[in-house]
Every structure is written in structure tokens, then in C-alpha cells.
Amino acid sequence: MAAIAFSACGEDPVRPGSSDPDPDPQPFALTVTESTDHAPLTLGLQVDASPAAEVTVDYWTEGEPRLRITSPAADAHALLLVRLLAERTYQYEVRAAFVGDSAYADTLAGEFTTDTLPDLLDAVTLTSTGASTPPLTMLELRQPTFQGFAAVDATGRVVWFHPTGGASWGWTRRANGNFVFLDTRDGLNEVTPAREPVASLAAAQGELIHHDVIATPQNTLYFMSRHQQSFEGIPWTGEIIWEWDPQDGAPLERWNSFDHLSPATDTTSRSHPGDWIHGNSLDLGPDGLVLLSSPFLNQVIAIEPDFSAIAWRLGGANATIATDSAGTFDFQHTAAQLAADRVLVFDNRGGREGPLEYSRALELEIDFDADTAREVWSFRAPNDNYAPIISGARRLANGNTMVTFGLRHDFRGSRGPIEVYEVDPAGTVVWHLVVDGPDLMYRATPFEAIADEVVVEAPAP
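Residues numbered from 1 in each chain as written. Predicted model: local features only at pLDDT ≥ 70, side-chain atom pairs only at ≥ 80, totals over all residues. Heavy atoms only, no water.

Asker: Which parts of the structure should I look at to understand the pattern of salt bridges?
Answerer: Where charged atoms from two side chains of opposite charge approach closely, those side chains can pair. As enumerated under the stated definition, the model contains 25 salt bridges in all. The salt bridge involving Arg-83 is made with Glu-453; its shortest N-O contact spans 3.2 Å. Of this pair, Arg-83 sits in the loop between β4 (66-81) and β5 (89-98) while Glu-453 sits in the loop between β32 (441-447) and β33 (454-457), and the two are 370 residues apart along the sequence. The buried category is assigned to Arg-83, whose relative accessible area is 12%. Glu-93 serves as the salt-bridge partner of Arg-95, at 2.9 Å between the closest nitrogen and oxygen. Salt bridges sharing common partners tie together Asp-58, Arg-66, Arg-68, Glu-93, Arg-95 and Glu-457. (Salt bridge = Lys/Arg side-chain N within 4 Å of Asp/Glu carboxyl O. Helix = DSSP H or I, 4+ residues; strand = E, 2+ residues; numbered from the N terminus. Buried < 20%, exposed > 50% of the residue type's maximum accessible area, 1.4 Å probe, protein only.)

Asker: Teacher, can you tell me more about the sheet that holds strand β19 (residues 281-284) here?
Answerer: Within a sheet, adjacent strands bond to each other through the backbone by hydrogen bonds, running parallel or antiparallel. Pairing within the open sheet is antiparallel, and its four strands lie in the order β19-β20-β21-β22. Each edge of the sheet is formed by a strand with only one pairing partner; in this case those strands are β19 and β22 (310-314). Here the average twist between neighbouring strands, direction ignored, is 20°. Examined bridge by bridge, β19 and strand β20 (residues 290-294) share four bridges and lie antiparallel to one another. What sits directly across from Asp-283, in β20, is Leu-291. (Pairing = 2+ DSSP bridges. Axes fitted to C-alpha atoms, helices over the stretch in contact; angles between N-to-C directions.)

Asker: Hey, could you run me through the pairing of strand β30 (residues 418-423) in this one?
Answerer: Side-chain positions along a regular strand alternate between the two faces of the sheet. A large share of β30 lies buried, amounting to six of its six residues. Side-chain alternation along β30 places Ile-418, Val-420 and Glu-422 on one buried face and Glu-419, Tyr-421 and Val-423 on a second face that is also buried. Of the pairings in the sheet, the one linking strand β29 (residues 401-405) to β30 comprises five bridges and is antiparallel in character. Across the sheet, Thr-401 pairs through a bridge with Val-423, a residue of β30. Inspection of the sheet shows β30 paired to strand β31 (residues 429-436) by six bridges, in the antiparallel sense. By the bridge assignment, Ile-418 is partnered in β31 with Val-435. Between β30 and the antiparallel strand that follows it, β31, lie five residues; Gly-427 among them carries a positive phi value of about 90°.

Asker: Any chance you could explain the sheet that holds strand β28 (residues 392-395) here in plain terms?
Answerer: An order of β7-β31-β30-β29-β28 is seen for the five strands of this open sheet, with the pairing classed as antiparallel. Of all the strands in the sheet, just β7 (125-130) and β28 have a single pairing partner and so form its edges. Across this sheet, the average inter-strand angle for adjacent strands is 10°, counted without regard to direction.

Asker: How should I be thinking about the nonpolar core in this particular structure?
Answerer: Soluble globular proteins: nonpolar side chains tend toward being buried together. One finds Leu-45, Val-57, Tyr-59 and Tyr-92 to be the most contacted residues of the largest nonpolar core, which totals 59 residues. Looking at which element gives the most residues to this core, the answer is strand β3 (residues 43-60), with eight residues. Setting aside residues up to four positions removed in sequence, Tyr-59 forms contacts with Pro-65, Arg-66, Leu-67, Arg-68, Ile-69, Leu-81, Val-82, Leu-84, Tyr-90, Gln-91, Tyr-92 and Glu-453. Among the nonpolar cores identified, the runner-up in size contains 22 residues, and Leu-188, Leu-201, Phe-331 and Ile-389 belong to it. (Core = buried A, V, L, I, M, F, W, Y, C linked by side-chain atoms within 4.5 Å. Contact = heavy atoms within 4.5 Å.)

Asker: Would you explain a negative patch on the surface in this entry?
Answerer: A surface patch of negative charge is lined by Glu-87, Asp-115, Asp-119 and Asp-122. Structurally, Glu-87 is set in the loop between β4 and β5. Exposure remark for Glu-87: the relative accessible area of 56% places this residue in the exposed category. (Patch = residues over 30% accessible without salt bridge, like charges linked within 9 Å, V, L, I, M, F, W, Y side chains within 5 Å. Areas by Shrake-Rupley, 256 points an atom, 1.4 Å probe, with all protein chains shown as cover. Lys, Arg positive; Asp, Glu negative; His and termini not counted. Charge placed at Lys NZ, Arg CZ, Asp CG, Glu CD.)

Asker: Help me out: how do you make sense of the packing of aromatic side chains in this one?
Answerer: Two descriptors summarise a pair of aromatic rings, namely the distance from one centre to the other and the angle between the planes of the rings. For the structure on display, the rule yields 19 aromatic pairs. Pairing Phe-258 with Trp-276 gives two aromatic rings, centres 5.1 Å apart and planes at 50°, and the pair type is tilted. Of this pair, Phe-258 sits in helix α2 (residues 257-260) while Trp-276 sits in the loop between α2 and β19, and the two are 18 residues apart along the sequence. Grouping residues by exposure puts Phe-258 and Trp-276 together as buried. Each residue in the set Phe-149, Trp-160, Trp-171, Phe-179, Phe-181 and Phe-447 is aromatic and connected to the rest through ring pairs, giving one cluster. Directly above the ring of Tyr-358 sits Arg-349, whose terminal nitrogen or CZ lies 4.4 Å from the centroid. Sitting above the plane of the Trp-377 ring, Arg-395 keeps its charged end 5.4 Å from the centroid. (Phe/Tyr/Trp six-rings, centres within 6.5 Å; stacked < 30°, edge-to-face > 60°. Lys NZ or Arg CZ within 6 Å of the ring centre and 35° of its normal.)

See below:
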């Protein structure tokens, strides 16, 4: 830990916009203390003001956008400078607008240099072409190099990271700004942007928490765990969807696959007693439906918002909505409901052979009157990348799609490499990121900010 404190004080404050001293001055003081006792690639600032002040901090490094964080009027501000590049020198400016009978402002400035990346993360090579529309993308990296979550900026440079005890397996964001990470060893962990632990949830014995966690409008979390139950005298492993409020104790069971599906009829050749439907993603649709992706059934299951029943089953075994031949998907990941009649999946095409052996992002339009769905948009990588497992497709607010191919070349039959594309509706590539080092990358997910930072000024040309 390193800390530096500096301050300013006086009794002749000047009102903003005036060169004349306040005729009835009020003593003031402003103190800034730096601390690196936080997650790497962040700097903590403790700003103390007397009297209370509104605080704005701008920070920047050469050739990069100027970032800003703000804090409402208070006498103490715990601020975190984030989205920093490794081994760079940054300047910052703290501006305090004091409140009270006499309005006046003061400014202090500082400088700091960021650390190097840890060796295991530095061993991951990121090659970027273009710039992503979202300011940040979270990469979920797995061994043999770095194991955990790494946020990259629009040009593919690491600006924040969180190592995990096990393999990364999904994440989400709560309304309070905290991250919730899922990994194969430790289950669910809520942490602040400074990587300070807040809450955790380990799986019950034999019931692995896996594959996804999503935040709800109620600021709770939905997640899946494996659940074993006897069927015709044989133990089968299905799925339970749980709801958890990290501040309210134990999770509540919301949906059990054995209550709505049957191993006698709802199976494919992939299904077996040790792993029946193999849920691999959760999503909340615009109408409140909970979407569960089951790659073993080649099916997207839409569950009523109150979890009382299945609303519809798209594709695969015993579907209530059949797909046309072009829209048939196989071993899909990251199923998401874009609108009441639109679903986006990453179609791994894990059971395909020969010339059709490539993976793609696939958007389907559902005709609920005819109980059918058809392909309305798809994207396959220019190199016909084939990722038989993991990977994902995410629709962005501007209509573009971020598509992840998550396996290195020749890993489990993949064509590789590990790569991310942002493409527009016409399929034109806006951004391309190649990831070299891990065996696989579970997903890449766009997001807007690590903490409260905003871009206020682009770098000079």
C-alpha cells in the first residue's frame, strides 16, 4: 500500500466567476489521500472537505480519453479511479464546490503510475482490430493461463480484472453497481468495483452452481444448480433455478426441471442420468419470461414469470414451437429473448458434420399463431470458426451483435481461434478481438462502466 495526502485551506475564498474575495469568508479545507490498497488498475481517493462539498475528479493519461467521477455534497468522499491501463502515468484533478452560506470552489491536482499486469494475465495476448461500440467487454478466461474475469476497453486492452478460485462461469451486475461472479470452485461471489468481497454463496453438497447468474428487476439473483432426483429407481441429475437476495440469507427454489419435464420423454441422445438437460444460460425477457437454454435437448425453454409453468419450448425434443430447416439450432448457448417474438442464440452446431461444420449467431422470429419459428438473421465468422462448446451471442442497444467463439484451435475439435466479433445488422465487422493463451474463453459480455466513471473528453488527435 502507498498513500499520499495533500490539502489546501484558507479564509479568503473567492466566489466562482468572481475575482473579489468573499466579504464574509468561511474557513475551508480540502484534503486528498491516495491509496492503492484496492484492486490493481484502480486508485482510491479519500477526499475530505470542510465544509461539505460536491466533488468532481477528472483523470487521464496521454493519448487516452479523459474520465470523470462525481460525488454529491458531503464532508467525506471515498472515490475509486478505474478503467486504468497498466504501466501508465496518470494525472488527476480534484475539484470541490463547497456549499453553505458562502459558495466557493477549490482544486487540487495529483499524479500516479499504475502497476504491471500479473504474469499469468500478461501471458494472454489480445489482438484488436477496430473499436467496439460498448466501452467495455468482460472476457471470461480459463486456464492454463489466467483464470478469471478481465475487462477490456474498446480497443482490447485490459483495464480491470478479477481472478477466481475456479473456472469462470458467468457474471452479472446488481443495481448497487457490484459485480456477481460465478466460478466452478467458489460458487457465487458479490464484489465491489474495488474487488472488495460483499457476499458469497457456495452450493449445497452435490448441487453444483453452474453456467449462469442474472440480476432481476427486484435486485435479486437467479441462478442454476444441478439437482439429483430419483426417476424409476435411478438417480437423474436435472436443474433447479433459484432466487437469492445476497442481503437476505438463503436462496429460494423457484423452478425444478423434474416438476415440468420428464426423463421418460424429454431427452435426446445426449441426455443421460448424470446430466439430463444440461442448462447453460438464463435470460429475462422483456415480458418477464425466464429463458433456460438446454443444449442437451437442443431447446430454449420459456418459463412463466412466476415459475408456475412452461410458456413455450423452442426447437428440439417435444417442442411447442418448431423451427424451419434454416433455423434449426444444435447445442446452443446464451439464449436471449430480444422481443416477444424474437430469440437470439449462439448456435454451436455441435452435432453437425462436413461442410456445415461452423458455428454461428442465429436470430429467430416466432409465429405464435402457427407455432413455428424461422431464421431472420445469422452471422458466421469469415474464417468459418467452429466452436462445438461454450461461446455466445449478445445483442447491443444499437442493433449490433457481439459474437464469441470461445475455443482455441484444435481444442475439442474447434477450428479456433478464440475470438470476438462485433457486427452490424448487415454482418459487417465493426470490431474483432483475437485472444491467444487460454484453452477457452467462456463468454465475452459488453458493459458500460466499472464504477461511476464516464468519458468527458476524447484524446487529442
